[in-house]
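Residue-level structure breakdown
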Amino acid sequence: MAEDIERFTDSELEIKPVYTKNDTAHLSLDEMPGQPPFTRGIQPDMYRGKLWTMRQYAGFSTAEESNKRYHYLLSQGVNGLSVAFDLPTQIGYDSDHELAEGEVGKVGVAISSIYDMQDLFKGIKLQDITTSMTINATGFILLAFYVAIAKQQNADLKKISGTIQNDILKEYAARGTYIYPPKPSMRIITDIFEWCSKELPKWNTISISGYHIREAGSTAVQEIAFTLSNGKAYVKAAIDKELDINVFGRRLSFFFNAHNNLFEEVAKFRAARRMWAAIMKQLGATDVKAMMLRFHTQTGGSTLTAQQPLNNISRVTIQTLAAVLGGTQSLHTNGYDEALGLPTEGAARIALRTQQIAAYESGIADTVDPLGGSYFVESLTDEIEKAAWQLIGQVDTMGGSIAAIEQGFIQNEIARSAYEYQRKIESNEKIIVGVNKFTSEKDDKIPLLRIDDSIRKVQIEKLKNLKASRNNTDVKKCLQYLHDKAVSNENIMPAVIDAVEHCCTLGEIADELRKVFGEY
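These notes cover the structure that comes with them.

What counts and what doesn't
Residues numbered from 1 in each chain as written. Predicted model: local features only at pLDDT ≥ 70, side-chain atom pairs only at ≥ 80, totals over all residues. Heavy atoms only, no water. Helix = DSSP H or I, 4+ residues; strand = E, 2+ residues; numbered from the N terminus. Rg over C-alpha atoms; globule rule 2.2 N^0.38 Å. Contact = heavy atoms within 4.5 Å. Disulfide = S-S within 2.5 Å. Buried < 20%, exposed > 50% of the residue type's maximum accessible area, 1.4 Å probe, protein only. Pairing = 2+ DSSP bridges. Right-handed = clockwise from strand over helix to strand, strands pointing away. Phe/Tyr/Trp six-rings, centres within 6.5 Å; stacked < 30°, edge-to-face > 60°. Lys NZ or Arg CZ within 6 Å of the ring centre and 35° of its normal. Core = buried A, V, L, I, M, F, W, Y, C linked by side-chain atoms within 4.5 Å. Axes fitted to C-alpha atoms, helices over the stretch in contact; angles between N-to-C directions. Parallel < 35°, antiparallel > 145°, perpendicular 65-115°, else oblique. Left-handed = near helix turned anticlockwise from the far one by under 90°. Expected span 1.5 Å × (residues − 1). Patch = residues over 30% accessible without salt bridge, like charges linked within 9 Å, V, L, I, M, F, W, Y side chains within 5 Å. Areas by Shrake-Rupley, 256 points an atom, 1.4 Å probe, with all protein chains shown as cover. Salt bridge = Lys/Arg side-chain N within 4 Å of Asp/Glu carboxyl O. Nonpolar A, V, L, I, M, F, W, Y, C, P; charged D, E, K, R; others polar. Arc of directions from axis to C-beta.

**What to know about the overall build of the protein**
Summing up its helical and strand segments, the protein has 19 helices and eleven strands in all. Here the protein has a C-alpha radius of gyration of 23 Å; the compact-globule value for 520 residues is 24 Å, and the two agree. Viewed in the frame of its principal axes, the protein has a C-alpha envelope of about 80 × 60 × 45 Å. Contacts spanning at least 24 positions in sequence make up 79% of the contacts within the protein whose residues lie at least 6 apart.

Here's what the structure looks like:
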């Protein structure tokens, strides 16, 4: 008989050959879904009452091209749009800026003005959909564009719903698309919290993102530990601004990754809900809805392989199961070709169909928390929670997330895990099908979506026409008004909305605040 080999999750938690009731004897397993601390889900009936929102991440080239993709996705059964923006938009540069060269429209849609936003959502009633925007440093400007378009459509702002990612702390730790130093960036975020609580009450003002932390190489445990630590920092900043935790706490949402280790991922989501309820209660929340961890999930980009890309359909299916069995509120599934480039229309359709097959054919939505009570899953949920609390304790000892980022602790921990994961692949300790085992000499011929560099010329021409036709005296007044609000520490959101409605560009608004806040 072969000797049994020790097995571990991707977070290095040991997996026993078999689990029994002795492994869960210390746990209370009589908790019901929809009740704090929400281990089993935030709704009593979960997907029996309403399926998760099926989103597809889209946005490329020009606003006009992205708009065509949105109409296609809506016709195919998508019930929530998710917008990707190009790098210049993400870091506050218009398409005509010299640093935008070579990047316009490449990893998302180029948005420089209110006219681009009008083109992006042409023929789409904003009051009838939810929109998630993956945008951080310039999230407040994109939200202002969106609000301005909604007002043009005579939409009721009290009914507009969606999310801006707006999670700047993870940019410093894991991704890099920041503009301003941490403190003024946090000030902008709390301005958004305050303004939306009064004017846009159904809008999720932040999506605290573990996704990019995981993409940078973290483990599942690090993903929730660092994400929840960042969440604590945002809540404390809002409390310091004398905002009511029971009001803004209801509009906080999270964004997590789903990887291939099915049971570890399910346990991760369950542990995160339980931990967030405890954190919010500790910080003073008394409203049950303010303690709920609501989250969007995207399947793992870093798990996709350029080798044998059709295998990625199976990976995305496993990750879909993990997200749904873990209780996600909305889900984006990656296209199988995204290790090679932006998803083609065909790949996006298969990704959406993966969700629909899971929802309507697999039976996983028929009962709440179907893995609840599993000796293995309950024990693993407990182990992940303990390991994550230990990491959060280290962050707290340093003074919280901002201090831990400034000291390089979070970045170093993620880098160490990324190195160790890659080492295991290269030494064949971890098998990646089609990469280091079961390889093939023959490459799959996959059609790719190509973005033409001429898009920048189109965008530059649009900006020239905008600046020639607008009232530039009003533009100067609006930018000065914004400058004054930023200096006086008043809420900047009304000034930003006023600026976009008077045709100030994204780059002009970002630059005006660079004068006040500086760059990081």
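**Observations regarding the state of the cysteines**
Applying the stated criterion across every chain, the model contains zero disulfides. For Cys-478, which is in no disulfide, the shortest distance to another cysteine sulfur is to Cys-504 and amounts to 4.9 Å. For the unlinked cysteine Cys-503, the closest cysteine sulfur is that of Cys-504, found at 8.0 Å.

**Notes on the pairing of strand β5 (residues 130-134)**
Most of β5 sits inside the fold, with four of its five residues counted as buried. Where strand β4 (residues 80-84) meets β5, four bridges bridge the pair, whose relative direction is parallel. Along β5, the bridge assignment pairs Val-83 with Met-133. Sheet analysis places β5 next to strand β6 (residues 161-164), joined by four bridges and oriented parallel. Looking at β6, one finds that Thr-130 is bridged to Ser-161. Handedness of the crossover joining β5 and β6 through helix α4 (residues 139-152): right-handed.

**A short note on the packing of aromatic side chains**
On inspection of all chains with the given rule, the structure shows 18 aromatic pairs. When the centroid spacing of 5.0 Å and the interplanar angle of 25° are considered together, the rings of Tyr-172 and Tyr-178 count as stacked. Classification of Tyr-172 by relative accessible area gives buried; the value is 8%. Centre to centre, the rings of Phe-254 and Phe-256 are 6.0 Å apart; their planes meet at 10°, and the pair counts as stacked. Take Phe-254 and Phe-256: they sit in the same class, and that class is buried. An aromatic cluster is defined as three or more aromatic residues linked by ring pairs; in this entry it consists of Phe-254, Phe-256, Phe-269, Trp-276 and Phe-295. The side chain of Lys-16 reaches across the aromatic face of Tyr-19, ending 5.4 Å from its centre.

**Some points on the nonpolar core**
Counting residues in each nonpolar core, the largest one holds 140 residues, and the members touching the most others are Met-117, Met-133 and Phe-140. For this core, the leading source of residues is α4, giving eleven residues. Not counting residues up to four positions away in its chain, the partners in contact with Phe-140 are Tyr-180, Ile-188, Ile-192, Ile-492, Met-493, Val-496, Ile-509 and Leu-513.

**Looking at the packing of helix α8 (residues 220-240) against helix α10 (residues 262-282)**
The interhelical angle for the contact between α8 and α10, taken along N-to-C directions, is 25°, at an axis separation of 10 Å. For the element pair α8 / α10, the angle class is roughly parallel. Two packed elements cross with a definite hand, and for α8 against α10 that hand is right-handed. Residue-level inspection shows Ala-220, Glu-223, Ile-224, Leu-228, Gly-231, Lys-232 and Val-235 of α8 in contact with α10, the latter providing Glu-264, Glu-265, Lys-268, Ala-271, Ala-272, Met-275, Trp-276, Ile-279 and Met-280.

**Examining helix α12 (residues 345-361)**
Taking 1.5 Å of rise per residue, the 17 residues of α12 would be expected to cover 24 Å, and the 23 Å separating its terminal C-alpha atoms lies within 8% of that figure. Here α12 has its buried residues at Ala-347, Ala-348, Ala-351, Leu-352, Thr-354, Gln-355, Gln-356, Ala-358 and Ala-359. Positioned one or two residues after α12, Gly-363 has a phi angle of 85°, which is positive.

**Examining a nonpolar patch on the surface**
A contiguous nonpolar surface patch, about 270 Å² in accessible area, is contributed by Ile-431, Val-433 and Phe-438. In this structure, Ile-431 sits in the loop between α15 (409-426) and α16 (455-469). Using a relative accessible area of 38% as the deciding quantity, one classes Ile-431 as partly exposed.

**Observations concerning the environment of Phe-517**
Position of Phe-517 relative to the elements: it lies in helix α19 (residues 506-517). Judged by relative accessible area, which is 14%, Phe-517 ranks as buried. What Phe-517 contacts, discounting residues up to four positions off in sequence, is Tyr-180, Pro-181, Pro-184, Arg-187, Ile-188 and Ala-486.

**Some points on unusual backbone geometry**
Backbone torsion omega between Pro-36 and Pro-37 reads 5°, so that peptide bond is classified as cis. Mapping Pro-37 onto the fold places it in the loop between β2 (14-15) and β3 (53-58). With a phi angle near 70°, Phe-38 is a residue other than glycine that sits in the positive phi range. Assignment of secondary structure puts Phe-38 in the loop between β2 and β3. By relative accessible area, Phe-38 is classed as buried at 0%. Of note, the phi angle at Glu-242 is positive, near 65°, even though the residue is not glycine. Among the secondary structure elements, Glu-242 is positioned in the loop between α8 and α9 (245-248).

**So, the pairing of β6**
Burial along β6 is two-sided: Ser-161 and Thr-163 and Gly-162 and Ile-164, pointing in opposite directions, are all buried. Two strands pair when backbone bridges link them, and β6 and strand β7 (residues 203-204) are joined in this way by two bridges, in the parallel orientation. Across the sheet, Thr-163 pairs through a bridge with Asn-204, a residue of β7.

**Considering the packing of helix α6 (residues 182-199) against helix α18 (residues 493-501)**
Between two packed helices, the angle of one axis relative to the other and the distance separating the axes together describe the packing. Contact geometry for α6 and α18: axes closest at 9 Å, N-to-C directions at 85°. It follows from the interaxial angle that α6 and α18 lie roughly perpendicular. Mapping the contact onto sequence places Asp-191, Ile-192 and Trp-195 in α6 and Met-493, Pro-494 and Ile-497 in α18. By residue class, the composition of the contact of α6 with α18 is five nonpolar, no polar and one charged.

**Looking at helix α17 (residues 472-488)**
The terminal C-alpha atoms of α17, which comprises 17 residues, lie 24 Å apart, in line with the 24 Å expected from a rise of 1.5 Å per residue. For α17, every residue scored as buried is listed here: Val-475, Cys-478, Leu-479, Leu-482, Lys-485 and Ala-486. Across the axial projection of α17, the buried residues extend over an arc of 120°, all falling on one side. α17 presents Lys-476, Lys-477 and Val-487 as exposed residues on the side facing more than 90 degrees away from its buried surface. The inward-facing, buried residues of α17 abut α6, α18 and α19. Once α17 finishes, Asn-489 follows within two positions and takes phi at roughly 70°, a positive value.

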